[in-house]
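Structural characterization, general
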Amino acid sequence: MAAAAGRSLLRFMKYIGQLKRVPRTGWVYRKVEKPESVSDHMYRMAVMAMLTEDKTLNKDRCIKLALVHDMAECIVGDIAPADNISKEEKHRQEKDAMKHLSSLLPDDMKKEVYELWEEYEHQASAEAKFVKELDQCEMILQALEYEELEKRPGRLQDFYDSTAGKFKHPEIVQLVSAIYEERESNMASQGSSSQL
């Protein structure tokens, strides 16, 4: 029995390892050199969740939601809006993937992992809503970094456009404001250097 459980856990961990090799589709479509992986994105989100000072949120739950929210992508890949797959079909594929993944875990963990994923998908708690904002904030932070690395400020505007007006949590609003400020400064200095 223990050997079978070990093999099952190993299969789960190998699936999760795939997330290190699944590039984030939005960056691939925008021809970003060396795009981040899904696990890169989830890791920074988990760190962001760990750093929240909001005492009304269950911080451990936020970290867990950040670690689980894109887990299905190790099987279905990172489905982006440009892929023209309906939200319903995306949800169905990811739900099947999460059922398979969680089936590899011991019963108590199976239930917890699957329920965390569902909580995020249905935005069923204050923690899930916060982590959704973290997801979008981390994306524009990554866009800022890619623009800086490429020395092409303003190139990834559509990522900013897709999140406009979606930030409500005060801590995230503050970070987003700092991201915009730095980006505007980068674009202004690029504009002045191109006029030389």
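Residues numbered from 1 in each chain as written. Predicted model: local features only at pLDDT ≥ 70, side-chain atom pairs only at ≥ 80, totals over all residues. Heavy atoms only, no water.

**What to know about the UniProt feature "domain: HD" (unreviewed entry) in the protein**
Selection criterion: UniProt positions are given in the numbering used here, feature names are shortened, and annotations may be inferred rather than shown by experiment. What counts as a helix is a DSSP run of H or I of at least four residues, what counts as a strand is a run of E of at least two, and both are numbered from the N terminus.
Following the UniProt record, one finds the feature "domain: HD" (unreviewed entry) at residues 38-140. Taken end to end, residues 38-140 has its terminal C-alpha atoms 15 Å apart, with 72% of it in helix and 0% in strand.

**A look at the side chain of T25**
For clarity, the threshold we go by: Only protein chains enter the accessibility calculation, which uses a 1.4 Å probe. A residue is then buried if its area is under 20% of the maximum for its type, exposed if over 50%, and partly exposed in between. Contacts: residue pairs with any heavy atoms within 4.5 Å of one another.
Looking at the element boundaries, T25 is found in helix α2 (residues 25-29). The exposure class of T25 is buried, given its relative accessible area of 11%. In this view, T25 contacts D78, A80 and D83; residues no more than four positions away in its chain are not counted.

**A short note on the packing of aromatic side chains**
For clarity, the cut-off: The pairing test for Phe, Tyr and Trp rings, Trp by its six-membered ring, is centres within 6.5 Å, and the orientation test on the planes gives stacked under 30 degrees, edge-to-face over 60, and tilted for anything in between.
With the rule as written, the count across this model stands at four aromatic pairs. Judged by centre distance (4.4 Å) and plane angle (35°), the rings of W27 and F159 are tilted. Taken together, the residues span a long stretch of sequence, with W27 in helix α2 and F159 in helix α9 (residues 157-163) at a distance of 132 residues. Given a relative accessible area of 2%, W27 falls into the buried group.

**Some thoughts on the packing of helix α4 (residues 59-68) against helix α7 (residues 107-121)**
Helix-helix packing: each pair is described by the crossing angle between the helix axes and the interaxial distance. Note the cut-off: All axes are obtained by fitting lines to C-alpha atoms, using only the stretch in contact for helices, and the reported angles, taken between N-to-C directions, cover 0 to 180 degrees. Any angle that is under 35 degrees is reported as roughly parallel, and any over 145 degrees as roughly antiparallel; angles of 65 to 115 degrees are reported as roughly perpendicular and all others as oblique. Residue polarity is assigned by list, with Asp, Glu, Lys and Arg as charged and Ala, Val, Leu, Ile, Met, Phe, Trp, Tyr, Cys and Pro as nonpolar; anything else, Gly included, falls into the polar class.
The geometry of α4 relative to α7 is characterised by a closest axis approach of 9 Å and an angle of 90° between their N-to-C directions. As summarised for this structure, α4 and α7 are arranged roughly perpendicular, according to the angle between their axes. For the pair formed by α4 and α7, the contact residues are R61, K64, L65 and V68 on the first element and E112, V113, L116, W117, E119 and Y120 on the second. Among the residues forming the contact of α4 with α7, the class breakdown is six nonpolar, no polar and four charged.

**Some points on the layout of surface pockets**
Formally: A cavity here means a set of points on a 1 Å grid, drawn over the protein atoms and nothing else, where a 1.4 Å probe fits but cannot get out; a pocket is an open set with protein on both sides within 12 Å along at least five of seven lines, and a residue lines either one if it has an atom within 4 Å of a point. Grid points are joined across faces, edges and corners, and a volume is the space filled by probe spheres set on the points.
Estimated volume of the largest pocket: approximately 1300 Å³. Along its surface, the largest pocket is lined by 35 residues, and I79, P81, K90, K132 and D135 are the ones closest to its centre. The set of elements that each furnish at least two residues to the lining of the largest pocket consists of α2, α6 (87-103), α7, α8 (126-150) and α9. A total of five residues in the lining of the largest pocket trace back to one element, the largest contributor, which is α8. Partitioned by chemical class, the residues of the lining of the largest pocket number 10 nonpolar, 10 polar and 15 charged. The wall of the second largest pocket is formed by M48, L51, T52, E53, F130, L134, C137, L141, E171, I172, Q174 and L175. Where the lining of the second largest pocket is concerned, the elements lending two or more residues are α8 and α10 (170-194).

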